[in-house]
Amino acid sequence: MSTVYLKRKITPRVVNGHPWVFANEVEKIEGEVQAGDIVELYTHDKKFVGKGYINPKSQILVRLLTRNKADIINDDYFTERIRQCWEYRKKIGYTENCRLVFGEADSLPQLIIDKFNDYFVIQTLALGIDVWKPALVKAINTVFQPKGIYERNDVPVRELEGLSQQKGFLSAPFDTNIVINENGLRFHVDIENGQKTGYFLDQQDNRRAIRHIVKDAEVLGAFTYTGTFEIHAAHYGAKSVLGLDISANAVTQANRNAELNGVQDRCRFETANAFDVLKQWGKEGRQYDVVMLDPPAFTKSRETIQKAITGYKEINLRGMKLVRPGGFLVTSSCTNLVHPELFLQTIDMAAKDARRRIRQVTFQAQASDHPIIWGMENTNYLKFLIVQVL
Ligand code: SAH
């Protein structure tokens with residue numbers, strides 16, 4: 001096994017828990033390395049740090065899998081890790097649907113596995129984990145009795161690793177349109193063509209947080225995707241719910257989900273650009289008791305973070321103006337580039353511009369099956385805020 005030595009000044013960050021080593025942080029490499037190999041990592045003064053996978057084609061040269069020298073990285077290792085991930089999810093109360101593996105937060109860098117009851121969706125986003133795909137499939141088959149396993153590697157970030165974008169079955173083919181249960185409701189999930197892995201499990205606990213404020217309310221939701229928040233609102237007793245998404249496919253799926261839950265009489269979805277429509281309705285003086293926003297990331301790179309902040313501020317400003325005095329704004333941000341503190345500042349700016357005072361009801365992160373690792377900022381990515389708009 002080849003050995004990688006860290007530069008002196010990098011050592012503390014990695015020794016203190018960060019699992020990534022960039023190419024320019026390495027002092028020297030002893031031995032031949034092939035992309036995807038397991039290597040041992042040492043400090044500049046030859047103390048063992050851990051074992052991980054290497055990819056000379058990637059800016060992140062090494063990603064650590066373990067800090068235990070005795071661990072042998074083989075098929076059994078991955079079976080044991082998947083078993084531990086499952087034990088942890090069960091321990092914290094996620095049994096039916098969950099993010100079974102959340103990459104770095106589970107010491108399985110760049111690996112995502114979502115469990116939709118008996119169906120599993122995998123993303124292997126770095127070469128060093130992609131080579132273990134057969135082992136991961138074997139592990140899922142050992143730990144569970146899956147009805148189907150699907151690969152959603154149609155993700156651009158794979159190209160930075162020299163990998164192609166692809167999707168397809170990792171088990172015998174199955175009907176990829178499934179129905180999942182969440183909070184007593186049912187949702188169609190399109191594993192093959194839905195966004196990301198097909199469904200946003202990270203909001204599953206936050207969807208329950210609207211329970212009391214939507215009772216008897218007129219609710220407007222924007223960026224609804226398959227309508228999850230809106231259908232929860234109807235279920236929790238909203239008088240009427242209108243959901244908007246720019247994607248006609250998402251709207252079709254959302255209306256089907258409303259029917260599936262028998263709430264189609266008071267919950268409907270329309271195709272619209274939320275930025276335009278919210279602005280227009282503000283001018284017309286329309287008012288709602290609850291406005292819910294769950295926009296996309298707006299940016300993927302640190303360089304254009306200002307673009308994201310502008311987007312969040314604009315949409316929240318427009319949303320707030322539509323809230324009746326004493327009503328509520330339910331708002332999210334899913335990019336790790338906008339830290340929780342910065343998100344709150346952005347909402348504060350929006351409130352000031354809208355000339356509204358706000359009162360915080362709750363501020364949450366993603367569901368706990370997506371663990372947050374202190375010191376790894378990008379694991380603390382989802383912000384979910386409810387404010388009363390006075
Ligand atoms: N709330 C959803 C997830 C939303 S994902 C859930 O809990 O599952 C973000 C959604 O915003 C996507 O479905 C995307 O199609 C939609 N979107 C992006 N830009 C938009 C715009 N300008 N107006 C309306 N919807 C938009």
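About the cut-offs
- Residues numbered from 1 in each chain as written.
- Predicted model: local features only at pLDDT ≥ 70, side-chain atom pairs only at ≥ 80, totals over all residues.
- Heavy atoms only, no water.
- Pairing = 2+ DSSP bridges.
- Helix = DSSP H or I, 4+ residues; strand = E, 2+ residues; numbered from the N terminus.
- Axes fitted to C-alpha atoms, helices over the stretch in contact; angles between N-to-C directions.
- Contact = heavy atoms within 4.5 Å.
- Disulfide = S-S within 2.5 Å.
- Buried < 20%, exposed > 50% of the residue type's maximum accessible area, 1.4 Å probe, protein only.
- Domains from an automatic or database assignment.
- Salt bridge = Lys/Arg side-chain N within 4 Å of Asp/Glu carboxyl O.

Caption draft 1: Region of interest: the sheet that holds strand 20 (residues 383–389). A sheet is described by the order of its strands in space; here 7 strands give the open sequence 16-15-14-17-18-20-19, paired in mixed fashion. For this open sheet the edge positions go to strand 16 (267–271) and strand 19 (358–364), each flanked by a neighbour on one side alone. Put simply, the sheet's adjacent strands are angled 15 degrees from each other on average, direction ignored. When strand 15 (residues 240–245) meets strand 16, the two strands line up parallel, connected through 5 bridges. In the strand pairing of strand 16, leucine 244 is matched with glutamate 270. Each of strand 15 and strand 16 touches helix 6 (residues 248–260); the most contacted strand, strand 16, lies at about 170 degrees to it. Its contacts with the sheet place helix 7 (residues 274–284) against strand 14 (218–222), strand 15 and strand 17 (288–293), and it is angled at close to 135 degrees to strand 15.

Caption draft 2: Spatial organisation of the state of the cysteines. Counted according to the given criterion, the structure contains 0 disulfides. Cysteine 98 takes part in no disulfide bond, and the closest cysteine sulfur to it belongs to cysteine 85, at a distance of 9.4 Å. By relative accessible area, which is 0% here, cysteine 98 ends up buried.

Caption draft 3: Up close: the domain arrangement of the protein. As assigned here, the protein comprises domain 1 (3–66), domain 2 (75–178) and domain 3 (200–389). Using only C-alpha atoms to locate each centre, domain 1 and domain 3 end up separated by 40 Å.

Caption draft 4: Representation of the pattern of salt bridges within the structure. Across all of its chains, the model carries 25 salt bridges by this definition. Among the ionic pairs, lysine 28 bridges to glutamate 30, the shortest N-O distance being 3.5 Å. In this structure, lysine 133 engages aspartate 130 in a salt bridge whose closest nitrogen and oxygen atoms are separated by 3.9 Å. In this pair, the class of lysine 133 matches that of aspartate 130, namely buried.

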